[in-house]
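# Reading the structure
Here's the letter readout for the chains.
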Amino acid sequence: MVQWVYNFGAGAADGRAEMKNLLGGKGANLAEMASIGLPVPPGFTLTTEVCTRFYEDKCTYPAELKGQVAKALALVEERSGQKFGDATNPLLVSVRSGARASMPGMMDTVLNLGLNDQTVAALAKRSGDRRFAYDSYRRFVQMYSDVVLGIELSHFEKLLERAKQRRGVKQDHELVVEDLEKLVMDYKARVHVEIGMDFPEDPHEQLWGAIGAVFNSWMNQRAKTYRQLHDIPEAWGTAVNVQAMVFGNMGSDCATGVAFTRNPSNGTNDFYGEFLVNAQGEDVVAGIRTPQELTIQARKSHGSDLPSLEEVMPNIFRELCTVRQQLETHYKDMQDIEFTIQQNKLYMLQTRTGKRTAHAALQIAVDMANEGLISKSQALMRLKPELIDQLLHPTLDPKAKKQVIAKGLPASPGAAAGKVVFSADEAVRRAKDGEKVLLVRIETSPDDIHGLHAAEGVLTTRGGMTSHAAVVARGMGRPCVAGAGAVQVDYAAARLSVGSVAVQEGQILTIDGVTGEVILGEVPTVPPQMSGAFGTIMAWADEYRTLQVRANAETPNDARQAKEFGAQGIGLVRTEHMFFDGGRIIAMRRMILAADEADRKAALEELLTMQREDITELFRIMDGRPVTVRLLDPPLHEFIPHTEAEMAQVAKAAGVPLNRVRRRATELQEANPMLGHRGCRLAITYPEICEMQARAIFEAAAAVGRAGGAVPVAEVMVPLVATLQELSILKEVVEKTAAAVQKEQGMNFTYRVGTMIELPRACLQAGKLAEQAEFFSFGTNDLTQTTYGMSRDDAGAFLPEYKAKGIVEQDPFVSLDQEGVGELIKVAVERGRTARNGMKMGICGEHGGDPASIEFCNKVGLDYVSCSPFRVPVARLAAAQAALKLRGEKALQPSTKAAKPLQPTFGPW
Ligand code: PEP
Ligand code: MG
């Protein structure tokens, strides 16, 4: 029989942490915590398979489910010493979703389930607090009516408002028990009006209603959007967790809180969290009340006047610190926990791997390796290479003048400036028009997710480090300042104000997610500084990786940046980029428009000087590291303008008749230039261009050598080769030029002539090409477009739909198509190396900076990847992970040893 329901609690559990696919993250970790003896209220999990079956079978449950739930419920009753629906000691439960991947706030939850007119009286008696009991009942009826019965919340809000008016108070908590009792009756009457039926009194009916609603919420719009944004497959489904309720709102000896076992913002080894006395969990994350700090130290450093947990409940605080230690030792990673204190007793309600900023992720990985909790290779394996991208973001220029108008919590690092908008929809609308926006909200809710995504950064005026805005922004890598209480937001007037400063929608603000500052206007930024942990991770990555990492660069700035990020050479100099600016393009045009050989030679002479200077500079910067210079690639018509006015300008600047410009433009016109007269075909028809470029490269090498610099191994690369003959002809030109320059300069230097592999024919003919080519560099941009027969400039029109329909999993121009393009690469590697033993091979298409593609390159035995300078650190880490994966290293999992309860404290509850 299929097991659809898994139990946990009282130091035992059917499930384990590694069963996330079946039990969801929450369920699996509740089971794990219970099994290591942490105080988890008993409960059970309906598996994700119930959810998938539910949707496959038109929203019906497996036949055995009812019986299994009844049995599990009986076990919870036994473990808690309470009875569901009992008139004296009733068991109340929470019903929560829990998918494989965390989807904070996207699905539904029902709390206090099991309350009815009878059990509420028992709860009042047991807690000794009638007001608390009826407040729980009121909340339950409201939540259940909203989530399960689908009744608009506004009906209940109106009734609540009316009750407060009648009592003459402003806040919910000022209502007295009689008000709440009446409210429950009013709520129920409203339910009857809305759905024509009574609110369900039977706890079992309530339970099945809530279970159904949570399964249904897997398909709500919020959840669907979140899944799309985070690549979470619909087929995963959610689990449902039913768990005995514990109350953090039963009085002043109760509390509820959330915490991270280390600081999620900067990674320091500090216990980091927030709590509220006499509150339910929702109150902390909703950001409605300002929460208190856990430790005295945090309270002091945040200048809070509210006492910390360490001061309010020192014993519980100590117990929680022990739990923190146990969790980290067990999971070997930073955890994000939820806890509740009921009448001075601590209960753990959740643990999961804590979301953290890129900065914190590196710091924590390095610290944990240094603490001996994990190994160096495990530290490397757990870092997503994409995280490194976030670290490379600019921060505010410390020298810039700035008018700080308010300060909030530094909730997610990075600096962001943008036009202020006050709604998620407006953020999306303006972002679509290409505007940079800053989303400002009093607080955010899961409904704002699209706006958070569209904005450069987020500013909230309420809520803490674990508020919705903070958590989501950190996950997305968006800068966020949370809880800037001095900022007053007036949604109706589309304006915010701080004292006398008013900012209208559309005006620019800057936020600094590292300091929490809110600044008027746009503040200049500076490039990122690499922290100690970043350097350590890069150094460790270098120890493990076998792939070399080079950069694609043609300007001195790019080359310097690449070197700073650890590039071991330049894998691609696109020489045409050097000809596009200023005076260079004029010389280039003069060469293209030349009337005869002599004219062309003169123009080429001019180009030679410029090209030599540029390459000399690159060689100098790269200081002996290899530099691969590619011969001119694009079709010549790209250098000639096509409007009449521009042609006239060119004619004047180049000193040629306008008619000649017109004629040349027509001659160079091509129907499909990407597959036309470009790449090596240009050099075949204009060998003097190839000769000039080779000369520039070799004279540059000689110049660097003569100036006492390290002479680089110059690598001359021929683009878009399809046949051996093309390569042979051009190699001969290059070799002749090299010999001439060596003779003229009286100097010998090493150089190599190689080819790009960018066409399927080249892959198949790799054996032959290797007879002449001394290295291969896979130009996977062109190889992808020619393999797919899909133009890289036009694919954007239909690829998103292809992705949505699952025709392609990834944009093949971003992540290498391993089945198609990859197969061709494999063939080329094999045939090339058979012909030329140990032949050096690399990749210089965009894929050279994509982690999945890097893993592939490593697997097929390439020597290096070459990518844009800012992706070099990402590539170094990805290369290390690729090497570790080949050795069989896996991403770190929590210990799977059958753990003995550490403190079997959980008795009858
Ligand atoms: C390539 O085709 O992959 C390549 C690197 O060349 P380009 O992008 O310049 O065509
Ligand atoms: Mg190319």
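Please read all numbers here as calculations on a predicted model, not as lab measurements.

### Focus: the overall build of the protein chain
Assigned secondary structure in the protein chain consists of 36 helices and 34 strands. Its C-alpha atoms put the protein chain at 105 × 65 × 50 Å along the principal axes. Counting every atom, the protein chain has about 36,800 Å² of accessible surface; 49% of that belongs to carbon and sulfur. Side-chain charges in the protein chain split into 102 positive and 111 negative, and the spacing between the mean points of these groups amounts to 2 Å.

### Observations concerning the side chain of R356
Considering the arrangement of structural elements, one finds R356 in the loop between β13 (345–353) and α14 (358–370). A residue is classified by how much of its surface remains accessible, and R356, at 14% relative accessible area, is buried. A polar contact is formed between the side chain of R356 and the backbone oxygen of M334, at a distance of 3.5 Å. In this structure the side chain of R356 is engaged in a polar contact, spanning 2.9 Å, whose partner is the backbone oxygen of G354. Contact partners of R356, with chain neighbours within four places excluded, come to P264, D333, M334, A361 and I364.

### Thoughts on the coordination of the magnesium ion (ligand 2)
Looking at the magnesium ion (ligand 2), the protein donor atoms are E758 (OE) and D782 (OD), and they sit 2.0 Å from it. Here D782 lies in helix α32 (residues 780–788) and E758 lies in the loop between β31 (751–757) and α30 (760–764), a separation of 24 residues in the sequence. Residue classification places E758 among the buried positions, given a relative accessible area of 2%. Given a relative accessible area of 3%, D782 falls into the buried group.

### Quick word on the domain arrangement of the protein chain
Looking at the assigned domains, one finds that the protein chain contains domain 1 (48–244), domain 2 (255–373), domain 3 (393–526) and domain 4 (545–886). Taken over C-alpha atoms, the centre of domain 3 sits 42 Å from the centre of domain 4.

### A look at the UniProt feature "binding site: substrate" (unreviewed entry) in the protein chain
This chain's UniProt record puts "binding site: substrate" (unreviewed entry) on R574, R630, E758, G779, T780, N781 and D782. Ignoring any residue separated from it by four or fewer positions in sequence, one finds E758 in contact with R630, R678, P719, L720, G779, D782, L783 and T786. Tracing the chain through its elements places N781 in helix α32. When residues no more than four places from it in sequence are discounted, the contact partners of N781 are R574, R792, F813, G845, E846 and H847.

### Re the sheet that holds strand β25 (residues 517–520)
For sheets, the rule is that strands pair by backbone hydrogen bonds, running either parallel or antiparallel. One open sheet accounts for 8 strands, arranged β15-β25-β24-β17-β18-β19-β20-β16; its pairing is mixed. Looking at which strands have only one partner, the edges of the open sheet turn out to be β15 (403–407) and β16 (409–412). If you compare each strand with its neighbour and ignore which way they point, the axes differ by 35° on average.

### A look at the pairing of strand β10 (residues 272–277)
Burial within β10 is extensive, with 6 of its 6 residues counted as buried. Residues Y272, E274 and L276 of β10 are buried on one face, and the alternating residues G273, F275 and V277, pointing to the opposite face, are buried as well. Here strand β9 (residues 255–260) pairs with β10 via 6 bridges, running antiparallel. Residue pairing in the sheet places G257 in a bridge with F275 of β10. Alignment of β10 against strand β11 (residues 292–293), held across 2 bridges, turns out to be antiparallel. The residue bridging F275 from the neighbouring strand is Q292, located in β11.

### Some remarks on the packing of aromatic side chains
Per the counting criterion, the structure on display carries 16 aromatic pairs. One aromatic cluster in this structure is built from F54, Y55, Y61, W208 and F215. The ring centre of W218 lies 4.0 Å from the NZ or CZ of R227, which sits over that ring. Positioned above the aromatic ring of Y347, the side-chain terminus of K345 is 5.2 Å from the ring centre.

### What to know about helix α25 (residues 644–654)
Among all positions in α25, only M647, V650, A651 and A654 are buried. What you see down the axis of α25 is that its buried residues fit within an arc of 100°, all on one side. Along α25, the residues that are exposed and aim more than 90 degrees away from the buried face are A645, Q649 and K652.

### Points about unusual backbone geometry
The general pattern is negative phi for most residues beyond glycine and trans for most peptide bonds. One non-glycine residue, Q343, lies in positive phi territory at about 45°. Although it is not a glycine, L720 sits at a positive phi angle of roughly 55°. L720 sits in the buried class, given a relative accessible area of 2%.

### Observations regarding the site of ligand 1
Close to ligand 1 lie 14 residues, the nearest being R574, G779, N781, D782 and R792. Between an oxygen atom of ligand 1 and a side-chain N or O atom of R630, the distance comes to 2.9 Å. A distance of 2.9 Å is found between an oxygen atom of ligand 1 and a side-chain nitrogen or oxygen belonging to E758. When ligand 1 sits alone it has 280 Å² of accessible area, and the protein chains cover 95% of it. Put simply, the parts of the chain that give the shell around ligand 1 at least two residues each are β28 (570–574) and α32. If one sorts the elements of the shell around ligand 1 by residue count, α32 sits on top with 3 residues. Of the residues in the shell around ligand 1, the class split is 3 nonpolar, 4 polar and 7 charged.

### Brief notes about the environment of D253
Within the fold, D253 resides in the loop between β8 (238–244) and β9. By relative accessible area, D253 is classed as partly exposed at 28%. Considered as a pair, D253 and Q342 are 89 residues apart in the sequence and their alpha carbons are 6.8 Å apart. For D253, the contacting residues outside a window of four places in its chain are M313, I341, Q342, Q343 and N344.

### Looking at the nonpolar core
By size, the foremost hydrophobic cluster in this structure holds 138 residues, and its most contacted members are F698 and F778. Ranked by residues supplied to this core, first place goes to helix α28 (residues 687–706) with 11 residues. Sequence-distant contacts of F778, defined by excluding residues within four places in its chain, comprise I757, L783, I825, A828, V829, M841, G842, I843, C844, G845 and L862. Counting residues in hydrophobic clusters, the runner-up holds 83 residues, among them M107, Y226, V242 and C480.

Cut-offs and rules
- Residues numbered from 1 in each chain as written.
- Chains lettered and ligands numbered in written order.
- Predicted model: local features only at pLDDT ≥ 70, side-chain atom pairs only at ≥ 80, totals over all residues.
- Heavy atoms only, no water.
- Helix = DSSP H or I, 4+ residues; strand = E, 2+ residues; numbered from the N terminus.
- Areas by Shrake-Rupley, 256 points an atom, 1.4 Å probe, with all protein chains shown as cover.
- Lys, Arg positive; Asp, Glu negative; His and termini not counted.
- Charge placed at Lys NZ, Arg CZ, Asp CG, Glu CD.
- Buried < 20%, exposed > 50% of the residue type's maximum accessible area, 1.4 Å probe, protein only.
- Polar contact = N/O pair within 3.5 Å; in protein donor to acceptor, adjacent residues only side chain to side chain.
- Contact = heavy atoms within 4.5 Å.
- Donors = N, O, S within 2.8 Å, 3.2 Å for Na, K, Ca; no water.
- Domains from an automatic or database assignment.
- UniProt positions renumbered as here; feature names shortened; annotations may be inferred.
- Pairing = 2+ DSSP bridges.
- Axes fitted to C-alpha atoms, helices over the stretch in contact; angles between N-to-C directions.
- Phe/Tyr/Trp six-rings, centres within 6.5 Å; stacked < 30°, edge-to-face > 60°.
- Lys NZ or Arg CZ within 6 Å of the ring centre and 35° of its normal.
- Arc of directions from axis to C-beta.
- Near = heavy atom within 4 Å.
- Nonpolar A, V, L, I, M, F, W, Y, C, P; charged D, E, K, R; others polar.
- Core = buried A, V, L, I, M, F, W, Y, C linked by side-chain atoms within 4.5 Å.

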